[in-house]
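Residues per chain, in single letters:
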Amino acid sequence: MFLSYSEEDVLVGHEFKYMIIGQESIEVSLFLRFVTQQFGKESDLIPQGWKTIAVLETDNQLPKQLVEMKTVNSWDEESSVSSYLLLGAL
């Protein structure tokens, strides 16, 4: 999944517990399992202020909103897709 700018460092292994979609908050259980920012180089965190490519994993069914997300072909296409906010706690 492409993740836009992070407001803080997020370590691999972090559990996102909520997803904000517009005005709606839904409970999720998504774990950050892999992060890369450039050239496929693995990182142990999402650095504050960086865009990243990440692998999120869940023991549950993925939220419908994530399954239905558009695929982008470049870093510049992010404005053409829906935005969601993932939170560790609310």
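What you see is a predicted model; the values in this text were computed from it and never measured.

Novice: I tried to follow the overall build of the protein chain on my own but got confused; where do I start?
Specialist: Tallying secondary structure elements over the protein chain gives 1 helix and 8 strands in all. Reading the protein chain from its N end, one meets helices and strands in the order β-β-β-β-β-β-β-α-β. When burial is assessed residue by residue, the protein chain has 28% of its 90 residues classed as buried. Long-range contacts, defined as pairs at least 24 residues apart, comprise 60% of the intrachain contacts of the protein chain with a sequence gap of at least 6. Surface accessibility of the protein chain: about 6,400 Å² in total, with carbon and sulfur atoms responsible for 49%.

Novice: I keep staring at the environment of phenylalanine 31 and nothing clicks. Help me out?
Specialist: By the element assignment, phenylalanine 31 lies in strand E4 (residues 24-36). Along the chain, phenylalanine 31 and glutamate 57 lie 26 residues apart, while their C-alpha atoms are 5.1 Å from each other. In this structure, phenylalanine 31 is in contact with Gly13, His14, Glu15, Val55, Leu56 and Glu57, ignoring residues within four places of it in sequence.

Novice: Please explain the environment of glutamate 57 as it appears in this structure.
Specialist: Within the element layout of this structure, glutamate 57 appears in strand E7 (residues 52-57). The exposure class of glutamate 57 is partly exposed, given its relative accessible area of 39%. Setting aside its immediate chain neighbours within four residues, glutamate 57 contacts Ser29, Leu30, Phe31 and Arg33. Polar side-chain contacts of glutamate 57 include one of 2.8 Å to the side chain of arginine 33.

Novice: Any chance you could explain the pairing of E4 here in plain terms?
Specialist: The side chains of a regular strand alternate between both faces of the sheet. Both strand E3 (residues 15-21) and E4 contribute to a ladder of 6 bridges, which runs antiparallel. By the bridge assignment, phenylalanine 16 is partnered in E4 with leucine 30. Adjacent in sequence and paired antiparallel, E3 and E4 are bridged by 2 residues, among which glycine 22 carries a positive phi angle near 60°. Note: E4 against strand E5 (residues 42-43), 2 bridges, orientation antiparallel. Bridging across to E5, threonine 36 finds its partner in glutamate 42. Here E4 hands over to E5 after 5 residues, with phenylalanine 39 in that stretch at a positive phi of 55°.

Novice: It is not clear to me how the side chain of serine 29 should be interpreted in this structure. Could you clarify?
Specialist: For serine 29, the position within the fold is in strand E4. Residue class for serine 29 comes out buried when judged on its relative accessible area of 17%. Reaching out from serine 29, the side chain makes a polar contact with the side chain of glutamate 15 at a distance of 2.8 Å. When residues no more than four places from it in sequence are discounted, the contact partners of serine 29 are Glu15, Phe16, Glu57, Thr58 and Asn60.

Rules behind the numbers
- Residues numbered from 1 in each chain as written.
- Predicted model: local features only at pLDDT ≥ 70, side-chain atom pairs only at ≥ 80, totals over all residues.
- Heavy atoms only, no water.
- Helix = DSSP H or I, 4+ residues; strand = E, 2+ residues; numbered from the N terminus.
- Buried < 20%, exposed > 50% of the residue type's maximum accessible area, 1.4 Å probe, protein only.
- Contact = heavy atoms within 4.5 Å.
- Areas by Shrake-Rupley, 256 points an atom, 1.4 Å probe, with all protein chains shown as cover.
- Polar contact = N/O pair within 3.5 Å; in protein donor to acceptor, adjacent residues only side chain to side chain.
- Pairing = 2+ DSSP bridges.

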